[in-house]
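Chain by chain, the residues:
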Amino acid sequence: MNVKTYKECKKQGIVPDILFWVGCAGSYDDRAKKITKSLINLFHKAGISYAVLGTEESCSGDPAKRAGNEFLFQMQALSNIEVLNSYSIKKIVTACPHCFNTIKNEYPDLGGSYDVIHHSQLIDQLINDGKLKVKNDQFNGKKITFHDPCYLGRANGEYLAPRKVIRALKAELKEMKSCKEKAMCCGAGGAQMFKDSEKGNKEINIKRTEEAIESNSKIIAAACPFCNTMLTDGVKSHENHKDIEIKDISELVDKVTD
Amino acid sequence: MQFLPNLLFALFFFSSIIFFLKNCKKIYRNINLARPIDRFDNKKERFFKMLMLAFGQSKMLDKPVVGLLHLVVYVAFVLINIELLEIILDGFTGKHRILAPYLGSFYNFLIAFFEILALLVIISVVIFWIRRNIIKIRRFVSNDLKGWPKSDADYILYIELMLMILFLNMNASDLILQNAPYSEMYKSYGYFPISQFFVPLYNGLSLETIFIVERVSWWMHIMGILFFLNYLYYSKHLHILLAFPNTYFSNLDNPGKSTNLKSVYNEIKLMIDPSYKIPETELENDIKFGASDIFDLNWFQLLNAYTCTECGRCSSECPATQTGKLLSPRKIMMKTRDRIEDVSKNIDQNKEFVSDGRTLLNDYITKEEIWACTTCNACVESCPIGIDPLSIILDMRRYMVMEESTASNEINAMMNNIENNGAPWPFNKLDRLNWRN
Ligand code: SF4
Ligand code: SF4
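Predicted, not measured: the structure shown is a model, and the values here were computed from it. (Residues numbered from 1 in each chain as written. Chains lettered and ligands numbered in written order. Predicted model: local features only at pLDDT ≥ 70, side-chain atom pairs only at ≥ 80, totals over all residues. Heavy atoms only, no water.)

Visitor: How should I be thinking about the overall build of chain A in this particular structure?
Guide: Scanning chain A for helices and strands turns up 11 helices and eight strands. The C-alpha radius of gyration computed for chain A amounts to 18 Å, which stays within 12% of the reference 18 Å derived for 258 residues, consistent with globular compactness. The C-alpha extent of chain A, read off along each of the three principal axes, is 55 × 45 × 30 Å. When burial is assessed residue by residue, chain A has 64% of its 258 residues classed as buried. In chain A, the proportion of contacts linking residues at least 24 apart, taken out of those at least 6 apart, comes to 78%. Roughly 9500 Å² of accessible area belongs to chain A as shown, and the carbon and sulfur atoms make up 47% of that amount. (Helix = DSSP H or I, 4+ residues; strand = E, 2+ residues; numbered from the N terminus. Rg over C-alpha atoms; globule rule 2.2 N^0.38 Å. Buried < 20%, exposed > 50% of the residue type's maximum accessible area, 1.4 Å probe, protein only. Contact = heavy atoms within 4.5 Å. Areas by Shrake-Rupley, 256 points an atom, 1.4 Å probe, with all protein chains shown as cover.)

Structure below.
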C-alpha cells in the first residue's frame with residue numbers, strides 16, 4: 001500500500017492536510033487492520049492528502065486512563081503531543097472512537113489542541129461533497145443496523161454522520177431496540193476489552209448482539225474496532241445467526257465506491 | 001386561653017423551621033468535607049440548564065407518561081403551596097381564610113383551581129403507587145432498593161396522598177359549616193368543585209362534630225406539611241430542593257472528557273524537568289490520587305449523592321446492571337450518601353471526624369462493582385437531574401491503581417504493554433506500521 005508517514009513526507013518536503021491516526025487496534029489487530037485498509041482506500045479514491053505517524057504513533061492512553069492509571073495516560077498523551085506538535089499537525093482523523101474522544105477532549109488541557117474528526121464524519125463529508133460516489137447497488141434495500149459506539153455517540157453527540165453514510169448506500173437503516181442516546185454498550189470500553197468480565201448472568205456483548213439480531217438485519221454496521229470485535233464474538237455464539245456480518249462503515253463504503 | 005392555638009401554632013411552626021434549617025446547614029457542612037471543584041463559571045449556561053432540567057424537567061419527558069404524571073405532581077405541589085401562605089397567616093392570627101376578603105372572586109377561582117390540582121395529585125400518586133407495588137416496574141423492585149429506600153418511596157406517596165385528602169376534607173367540612181351557617185368564622189368564601197362531593201359523607205353528623213373534623217383536618221394538614229419538610233433530609237425526596245443546585249452545578253463539559261488530574265501533571269513535569277515550578281494554587285500537602293472515601297471526592301459528587309432520587313433510570317440503562325453484574329450506578333450514589341450520613345453522625349458525636357476504620361471503597365462499594373463499569377456514560381446520559389455516577393467510579397479506580405496497585409493481573413499486563421510497547425497488547429513498537437506491507 002502506498003501509505004506515507006509524516007517522517008517520509010517531511011524528507012520529501014510534502015505537508016499533508018490531515019493525519020490519519022491509526023490507533024493500536026487498527027495497527028495490530030488483524031480484523032481492525034482490514035478497516036484501516038478500507039479507510040486508506042477511501043482516502044485514495046477521494047484524493048485526500050494524508051499521512052500516518054507509523055512507528056512514531058503510540059497508544060492514545062485511553063485504556064490506561066479508563067482503568068484509573070492517570071500517570072500512564074498523561075505520559076502517553078504528553079509524548080504523543082510532542083510528536084504531533086513537532087509536525088505542526090492541525091487536523092486528525094481516526095477510525096477509533098476512543099482515540100477520537102481522548103485526543104479531542106483530553107489532550108487540549110495537556111497542550112495538544114487539534115481539529116479531530118471521526119472517520120464516519122469524514123466519510124459523510126466526502127459523500128456530501130461528491131468526492132466519494134456510490135457506484136453500485138450492492139446494498140440497495142438491504143437491511144443494515146448501526147451500533148452506536150459509546151465514545152462517538154453519548155460521549156460526543158455524533159449520531160447522525162454514520163447514519164447518513166448508511167443511508168447514502170441506499171440501504172434500509174434498521175434501528176435496534178436501544179439506539180442513539182440509549183444505545184447499549186458493546187462491553188469493551190473502560191478497559192473491559194483487556195480483562196474478563198465480572199460475575200453476572202450474561203455477557204454484555206451477547207446481550208447487545210441479541211438486540212442487533214432482533215432488528216432483522218444481516219449486516220451490523222460498526223464504527224469502532226472494539227465494538228467490531230465484541231459484536232463479531234457475540235454473533236459467533238449465536239448458532240443460527242452465523243451469517244450475520246459485522247462491517248465497519250468504511251468497509252461498506254469501500255465496497256460500493258470506486 | 002383564646003391565644004393558645006396561635007401560640008401552639010407558632011411553636012410548631014418555628015421549631016420545625018429551625019430543625020429544617022439545622023439539617024440544611026448539616027448538608028452544607030458535609031458537602032464541604034469534600035475536595036474543591038470549580039463549578040462557578042458560565043453562569044448563563046448553568047442557569048439555562050437548571051431551567052431546562054429542574055424546572056422544565058425536560059429529561060423526565062423521555063418517558064412521556066410518567067414524565068407527565070411527575071410534572072403534574074410537581075407543579076400541583078408547588079402551586080397548592082400558595083394556599084399554604086394563607087394557612088400560615090391563619091395559624092398566626094387565629095383568623096380563618098384571611099385572604100378571602102381581599103381577593104374577592106379571584107379567591108374562589110384559586111380555591112377551585114387548588115382543588116382540581118389536589119385531585120390530579122391524588123390520581124398521579126395512586127398510579128405511581130400501582131407502578132411500584134402492583135406492576136412492580138423492574139427498577140423499583142431490584143435488589144439495590146430493598147429495605148429503607150423501598151419504604152421511603154412508598155411513605156412519600158402516602159404522605160402526599162394524605163395531605164391532599166386532608167386538604168379536600170378541610171374544604172368539604174368548611175363548606176358544610178358555611179352553608180349551615182355555623183358561626184361567624186365560616187363565612188361563605190371559596191368555590192369547591194371537588195370537595196363538594198365529600199359532603200354527603202358527613203350526613204347525620206352534628207355541626208359540632210363537623211366543626212371538629214374541620215379543625216382536625218386543618219391542623220393535621222399543616223402539621224403534615226411541616227413534617228414533610230423535615231422528612232426530606234432523611235429521604236430520596238430531598239431532590240425536590242437539591243435538583244436545582246445540582247443541575248446548576250452539573251458538568252457542562254463534553255461527557256466523554258474525564259478530567260486530567262493536575263497533581264499527576266505536576267508530578268510528571270517535575271520528573272521531566274526538576275526546575276519546574278508547581279503553580280501556587282495547585283500546591284497540595286499530601287497528595288492522594290483518586291478516591292477511597294468521601295473526603296477524596298469533590299463537593300459536586302457529594303451533592304449528587306444527596307440529590308439522587310433513587311429512580312434507577314441510570315441502572316436500567318447500565319450494561320453491567322442489565323447483565324446481572326453487581327454494579328448499579330444508582331447503588332453507587334446511594335452508598336455514597338450512606339457513607340456521608342455515617343461520617344456526619346460521627347462528626348456530630350465527636351465534634352470532628354474520628355476514623356472509624358471504614359471507607360467508602362470496600363466497606364460500602366466493592367472493588368468488583370468498580371471494575372465492572374465500561375465507562376459507557378449511559379448512567380450519566382439517563383439521569384434526569386445531571387448526576388454523574390461514572391466520575392465516582394473513575395476516581396475509585398484511580399485510587400486502586402495509583403495508590404494501592406490492586407488492579408487485576410490482566411489490567412496490569414495491559415498497562416505494562418502500553419508502557420513498554422505503546423500498545424495495550426504485547427507487540428513490538430517497531431511493527432506498528434507492518435499493516436502497510
Ligand atoms: S458508565 Fe459504568 S456505571 Fe454508568 S452505565 Fe456505563 S457501565 Fe454502568
Ligand atoms: S443517579 Fe439519577 S438516574 Fe440514577 S437513580 Fe439517581 S436520580 Fe435516578
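There is more to say after this.
Visitor: What is the right way to read the sheet that holds strand β2 (residues 50–51) of chain A from this model?
Guide: What links the strands of a sheet is backbone hydrogen bonding, and the strands pair in either a parallel or an antiparallel sense. Residue and element names in this part refer to chain A. If you trace the four strands from one edge of the open sheet to the other, you get β2-β1-β3-β4, paired in parallel fashion. Two strands close off the open sheet at either side, each with one partner strand: β2 and β4 (115–118). Note: strand β1 (residues 18–21) against strand β3 (residues 91–94), three bridges, orientation parallel. The residue of β3 that forms the bridge with Trp21 is Thr94. Its contacts with the sheet place helix α7 (residues 119–128) against β3 and β4, and it is angled at close to 85 degrees to β4. (Pairing = 2+ DSSP bridges. Axes fitted to C-alpha atoms, helices over the stretch in contact; angles between N-to-C directions.)

Visitor: It is not clear to me how the domain arrangement of chain A should be interpreted in this structure. Could you clarify?
Guide: A common way to express how large an interface is: the accessible area buried when the components associate. Residues and elements named next belong to chain A. Taken as a whole, chain A is organised into domain 1 (6–123) and domain 2 (134–256). Taken together, the contact pairs 26 residues of domain 1 with 26 residues of domain 2. At the boundary of domain 1 with domain 2, total buried surface from both sides reaches about 2200 Å², with 63% on carbon and sulfur atoms. Summed over the shared surface of domain 1 and domain 2, the result is two salt bridges. With a closest N to O distance of 2.6 Å, Asp254 and Lys45 form a salt bridge. Linking domain 1 with domain 2 are 10 residue pairs in polar contact (both at pLDDT 80 or more). Sorting the residues of the side of domain 1 that touches domain 2 by element identifies α3 (30–46), α4 (62–67), α6 (97–106) and α7 as the ones contributing at least two each. Looking at which element gives the most residues to the side of domain 1 that touches domain 2, the answer is α3, with nine residues. Looking at side-chain class alone, the side of domain 1 that touches domain 2 contains 12 nonpolar, nine polar and five charged residues. (Domains from an automatic or database assignment. Buried area = accessible area lost by both parts, 1.4 Å probe. Salt bridge = Lys/Arg side-chain N within 4 Å of Asp/Glu carboxyl O. Polar contact = N/O pair within 3.5 Å; in protein donor to acceptor, adjacent residues only side chain to side chain. Nonpolar A, V, L, I, M, F, W, Y, C, P; charged D, E, K, R; others polar.)

Visitor: Just checking my understanding: could you explain the pairing of strand β5 (residues 143–146) of chain A for this structure?
Guide: Within a regular strand, side chains alternate between the sheet's two faces. Residue and element names in this part refer to chain A. Direction of pairing for β5 relative to strand β6 (residues 172–173): parallel, over a ladder of two bridges. Counterpart to Ile144 in the pairing with β6 is Leu173. One crossover worth recording links β5 to the parallel β6 by way of helix α8 (residues 160–168), and it is right-handed. The pairing of β5 with strand β7 (residues 219–222) spans three bridges and is classified as parallel. What sits directly across from Thr145, in β7, is Ile220. (Right-handed = clockwise from strand over helix to strand, strands pointing away.)

Visitor: What am I meant to see in the side chain of B:Gln301 here?
Guide: Residue and element names in this part refer to chain B. Looking at where Gln301 falls in the secondary structure, it is placed in helix α11 (residues 299–307). Owing to a relative accessible area of 2%, Gln301 belongs among the buried residues under this scheme. Setting aside its immediate chain neighbours within four residues, Gln301 contacts Met333, Ser391, Ile392 and Asp395.

Visitor: Help me out: how do you make sense of the site of ligand 1 in this one?
Guide: All names here are of chain B. Around ligand 1, a shell composed of 13 residues is seen, among which Cys318, Cys373, Thr374, Cys376 and Cys379 lie nearest. Broken down by secondary-structure element, the contributors of at least two residues to the shell around ligand 1 are α17 (378–382) and α18 (389–404). Its residues placed into classes, the shell around ligand 1 shows 10 nonpolar, three polar and no charged. (Near = heavy atom within 4 Å.)

Visitor: Please explain the interface of chain B and chain A as it appears in this structure.
Guide: Residue-level contacts link 58 residues of chain B with 70 residues of chain A. When the two sides are added together, the surface that chain B and chain A hide from each other amounts to roughly 5600 Å², 62% of it contributed by carbon and sulfur. Of all residues in chain B, the largest losses of buried area upon contact with chain A belong to B:Arg432, B:Trp435 and B:Arg436, amounting jointly to 16% of the total for that side. Summed over the shared surface of chain B and chain A, the number is five salt bridges. Its salt-bridge partner being B:Arg398, residue A:Glu70 comes within 3.2 Å of it at the nearest N-O pair. Counting the contacts that link chain B with chain A gives 34 residue pairs in polar contact (both at pLDDT 80 or more). Those elements that provide at least two residues to the side of chain B that touches chain A are α10 (262–272), α13 (319–322), α16 (367–371), α17, α18 and α19 (409–421) of chain B. The biggest single contributor to the side of chain B that touches chain A is α19(B), with six residues.

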